[in-house]
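# Structural overview
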Amino acid sequence: MSDSVRLPEEIVNQVTAAIDASRDELVGLLQDLIRIPSTNPKLSDEAPGGEAAVQDRIAVAMQAAGCELDRWDALPGRPNQVGTVRGTDGGPSLAINGHIDVVPVGDGSDWTHGAWSGELVDGKIWGRGASDMKGGVAAMLHAATVLRRLGFSLKGDLHLEAVIDEETGGPGTRATIERGYRPDFALIAEPTPEKTIQPVEGGLEWLRVTIVGKSGHSAIRYRSVHAGGRGEAVNALEKGMKVLSAVNDLERAWAVRKVHPLLPFGITTINPGNMAAGSGGGKDGLPNVMTAVSTLPDYCSLELSLKYLPSERTADVRAEFEEFIHRVAQTDEWLREHPPTIEWGLRGVAFPPADTSPDHPAVQALASCVEAVSGSMKMDGCVGVTDMAWFGEAGIPAAIYGPGSFSGVHGVDEFIEVDPLVEGTKVFALMILSWCGYTQPGA
């Protein structure tokens, strides 16, 4: 465990003053990172290569921080990079994790400042990835560099993780864990609300519910709908609507019954994202034919995004949902004999929950660092999903804290304010010392 949660005032002052003095260097590093486009190739027509170019610049910063470099392709042509500052005395290890892939910029002419400009205007650095999350990456790199310049020796290992592909599922972070990076604590440098630490996030599942019917011409629909009708055709879309209505009821029931002290009420949503019906089930949940309105559809797919609490187990949530759909099917003569099927992890999206106690020593150390820099601290849960999920899955305690603003994230005119960027860098530097432990310069 860390020698102390609260750092001596003279250490806090020394570190924060050094970061203030090197503010322009921090800004320049982030500008460099923004000016290297690194759009996730899964989200665009661009070939891999942008992330590798960003990693080249990050390697220079990691070397300035005294890191040993480990670079490898997590996906073809898409490298991860971990820089490690070796501890000298077996102290607790810390990973600070940030992703370097960004979402597409859309129409670049819509941006007030160039999407890849990294312009510094009105105390803000503009460009794609400024907040999500090259700002956090720059902050962690600069924090480690300043500590080296000040002559601190860490007792525990520090791993600076620059990973790919967070935006489409997180294989980059999973690859670091599979490679053997299993720190005692992980800090995800995603942007959080001001002065806020997020030690928990719920799980997320994309799934598809498929309902089958019995095709037939609409001219004979009356035989199926009138009293005593023979049911010669069964409309799968109408059966799907019945399932969807029941799922809406389940969502409302979960909102009342499932609560977590760090998350807002109603967070356990089940969002209907896509519904498609037609003749014959084809590829990726789409019917083979969707233009024959004169035909009763025999295929219906319902795609859902389901969120659950940090304190729940994935297997339990899946079983609960499947049992619910089974009970719904029992109320319908057709569905009872032709039950809906469920496909989990649709398109590879299945984020496990992460649930670190606010009382964990590392979270308390982080809280002390935020208070030392900002004067106060807040704690809540992340309402989205991040790479913290994969640390949670691996049993590695983690939390989210980082500089940035959600204004423009995934939209136009993304930016990060310089003052919070500097503040986040100070917190990272103090957290490294507080958690890993340190030997003072000259000691």
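Shown above is the structure to which this text applies.
## Describing empty space enclosed by the protein
Using a probe with the size of a water molecule, rolled over the atoms, empty space left in the structure can be pinpointed. Counting across every chain of the model gives one cavity of 30 Å³ or more. Within this model, the largest cavity holds a volume of roughly 50 Å³. Every residue lining the largest cavity is listed: Gly202, Gly203, Leu263, Ile267, Lys307, Tyr308, Cys382, Val383, Gly384 and Val385. Residues belonging to the lining of the largest cavity are distributed by class as follows: six nonpolar, three polar and one charged.

## So, the pattern of salt bridges
Inspection of every chain in the model, using the stated rule, returns 27 salt bridges. The partner of arginine 78 in a salt bridge is aspartate 165, with the nearest N and O atoms 3.2 Å apart. Of the two residues, arginine 78 sits in strand β2 (residues 78-85) while aspartate 165 sits in the loop between β7 (156-163) and α5 (171-178), which places them 87 residues apart along the sequence. Each member of the pair, arginine 78 as well as aspartate 165, is classed as buried. Among the salt bridges present, the one from lysine 242 reaches aspartate 332, with a minimum N-O distance of 3.2 Å. A residue pair is termed long-range when its members are at least 10 positions apart, and lysine 242 in helix α7 (residues 236-257) and aspartate 332 in the loop between α8 (314-330) and α9 (333-337) qualify at 90 residues. Looking at aspartate 332, the relative accessible area reads 7%, which means it is buried. The network of salt bridges with common partners includes Lys42, Glu51, Arg78 and Asp165.

## Things to note about unusual backbone geometry
That bond from aspartate 132 to methionine 133 is cis: its omega, -10°, falls within 30 degrees of zero. Within the element layout of this structure, methionine 133 appears in helix α4 (residues 130-150).

## Considering the packing of helix α3 (residues 50-64) against α4
Running from amino to carboxyl end, α3 crosses α4 at an angle of 25°, the nearest separation of the two axes being 8 Å. Judged by the angle between their axes, α3 and α4 are roughly parallel. For the pair α3 and α4, contact is made by Val54, Ile58, Ala61, Met62, Gln63 and Ala64 and by Lys134, Val137, Leu141, Thr145 and Arg148, respectively. Taken together, the residues that form the contact of α3 with α4 break down as seven nonpolar, two polar and two charged.

## Describing the layout of surface pockets
Taken as a whole, the largest pocket holds about 600 Å³ of empty space. What lines the largest pocket is a set of 30 residues, among which Glu166, Gly384, Val385, Thr386 and His410 lie closest to the centre. If you list the elements that add at least two residues to the lining of the largest pocket, you get β11 (203-212) and β16 (299-308). Per-class residue counts for the lining of the largest pocket are 13 nonpolar, twelve polar and five charged.

## Side note on the state of the cysteines
What the rule picks out here adds up to zero disulfides. The cysteine cysteine 436 is free of any disulfide, with cysteine 369 supplying the nearest cysteine sulfur at 11 Å.

## Here's the deal with the sheet that holds strand β5 (residues 124-126)
Strand order in the open sheet made by the three strands is β4-β5-β22, with antiparallel pairing throughout. The sheet is open, and its two edges are formed by β4 (120-121) and β22 (415-417), each paired on a single side. As paired strands, β4 and β5 are joined by two bridges and run antiparallel to one another. Opposite leucine 120, over in β5, you have isoleucine 125 as the bridge partner. Lying over the sheet, helix α2 (residues 23-34) contacts β4, β5 and β22, oriented at roughly 20° with respect to β5.

## Some details on a nonpolar patch on the surface
A cluster of nonpolar residues, Leu237, Met241 and Met275, forms a patch on the protein surface that exposes about 240 Å² of accessible area. Here leucine 237 shows up in helix α7. Overall, leucine 237 belongs to the partly exposed group, its relative accessible area being 31%.

## A closer look at the nonpolar core
As a rule of thumb, soluble globular proteins bury nonpolar side chains together. Within the largest apolar cluster, 67 residues are counted, with the highest numbers of intra-cluster contacts made by Leu94, Ile96 and Met431. The dominant element in this core, judged by the number of residues it contributes, is helix α12 (residues 418-436), at twelve residues. Each residue touching leucine 94, except ones within four places of it in the same chain, is listed here: Asp157, Leu158, His159, Pro183, Phe185, Leu187, Met431, Ile432, Trp435 and Cys436.

## Regarding the pairing of β2
With eight of eight residues buried, β2 lies mostly within the body of the structure. Examined bridge by bridge, strand β1 (residues 68-75) and β2 share seven bridges and lie antiparallel to one another. When the bridges of β2 are listed, tryptophan 72 appears paired with asparagine 80. Hairpin connection from β1 to β2: two residues lie between these consecutive antiparallel strands, with glycine 77 at a positive phi of about 75°. Bridge count for β2 against β7 is five bridges, and the pairing is antiparallel. Paired with glutamine 81 across the bridge in β7 is alanine 162.

Each value, and the rule that gives it
- Residues numbered from 1 in each chain as written.
- Predicted model: local features only at pLDDT ≥ 70, side-chain atom pairs only at ≥ 80, totals over all residues.
- Heavy atoms only, no water.
- 1 Å grid on protein atoms, 1.4 Å probe; cavity = no way out; pocket = protein on both sides within 12 Å on 5 of 7 lines; lining within 4 Å.
- Points joined across faces, edges and corners; volume = space filled by probe spheres on them.
- Nonpolar A, V, L, I, M, F, W, Y, C, P; charged D, E, K, R; others polar.
- Salt bridge = Lys/Arg side-chain N within 4 Å of Asp/Glu carboxyl O.
- Helix = DSSP H or I, 4+ residues; strand = E, 2+ residues; numbered from the N terminus.
- Buried < 20%, exposed > 50% of the residue type's maximum accessible area, 1.4 Å probe, protein only.
- Axes fitted to C-alpha atoms, helices over the stretch in contact; angles between N-to-C directions.
- Parallel < 35°, antiparallel > 145°, perpendicular 65-115°, else oblique.
- Contact = heavy atoms within 4.5 Å.
- Disulfide = S-S within 2.5 Å.
- Pairing = 2+ DSSP bridges.
- Patch = residues over 30% accessible without salt bridge, like charges linked within 9 Å, V, L, I, M, F, W, Y side chains within 5 Å.
- Areas by Shrake-Rupley, 256 points an atom, 1.4 Å probe, with all protein chains shown as cover.
- Core = buried A, V, L, I, M, F, W, Y, C linked by side-chain atoms within 4.5 Å.

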